[in-house]
Amino acid sequence: VSPDAVVEVTIENATGEITKDHTVRIHSPAPVKSAAPVKQASPAVATPPLAAGEGAAATLAADALRRFEGDPSLIWDIDFSPDGAVLAASFHDGRVGLWDVAAGKPLTEFKAHEGPVFQVAVSPDGSLIASGGGDKIGGVRGAKSGELKRKLEGHTGSIEALAFSADGTKLASGSADNTVRIWNVQTGELLRD
């Protein structure tokens, strides 16, 4: 997080950011023919790094800006679906929301936690959404329905990091209690702490 509260992620040549005005933006870099210095679309938008094997500098095209706005609650985290078609966001008021990236329109949202949702992660196949927050509980839900599949309890501090394994069978949760726990996604069983 930069001092001006801009958060950015880079996924396959696309950059997303969350700003203090509660707006999520996604940018697609446009190639530049010369190796001239990289330009930025606006002072608050950092240019994404070059992708592996990319030789020319990239710049953000002003018309590539996609805004997802209109939500009054602070956004804590975002994650793309594996195909880049859906953007998941976690909110301060306990909700998780999903947006259609191409259309810039909301798909669904659901109440996931009591209190802020600090982390959200999309499973490798895009079918599940994991979330964790200030209530010290992790949740695994169906991505389309928001239906709770697994409730992951055991941390004594807020959950501040989540990651699925590459095969989607395990979920790691990191907490302010200074522990990392590994969970079986199918059963909710704690595998390691």
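Right above here is the structure, for reference.
Report on the accompanying structure. (Residues numbered from 1 in each chain as written. Predicted model: local features only at pLDDT ≥ 70, side-chain atom pairs only at ≥ 80, totals over all residues. Heavy atoms only, no water.)

Take the sheet that holds strand 8 (residues 86–91) next. Spatially, four strands are ordered 7-8-9-10 in an open sheet, and the strand pairing comes out antiparallel. Unpaired on one side and paired on the other, strand 7 (75–80) and strand 10 (105–111) mark the two borders of the sheet. Looking at each pair of strands side by side, their axes are set apart by 20 degrees on average, direction ignored. As defined by bridge partners, strand 7 adjoins strand 8 across five bridges and the pair is classed as antiparallel. (Pairing = 2+ DSSP bridges. Helix = DSSP H or I, 4+ residues; strand = E, 2+ residues; numbered from the N terminus. Axes fitted to C-alpha atoms, helices over the stretch in contact; angles between N-to-C directions.)

For the coordinates displayed, the defined rule picks out four salt bridges. For aspartate 93, the salt bridge is made with arginine 95, and the minimal N-O distance between the two is 2.9 Å. Judged by relative accessible area, aspartate 93 falls into the partly exposed class, the value being 32%. The exposure class assigned to arginine 95 is buried, which follows from its relative accessible area of 12%. The network of salt bridges with shared partners includes Asp93, Arg95 and Glu109. (Salt bridge = Lys/Arg side-chain N within 4 Å of Asp/Glu carboxyl O. Buried < 20%, exposed > 50% of the residue type's maximum accessible area, 1.4 Å probe, protein only.)

Here strand 15 (residues 159–164) runs beside strand 16 (residues 170–175); their pairing, made up of five bridges, is antiparallel. The residue bridging phenylalanine 164 from the neighbouring strand is leucine 171, located in strand 16. Counting the residues that bridge the hairpin from strand 15 to strand 16 gives five residues, and of these glycine 168 lies at a positive phi of roughly 75 degrees.

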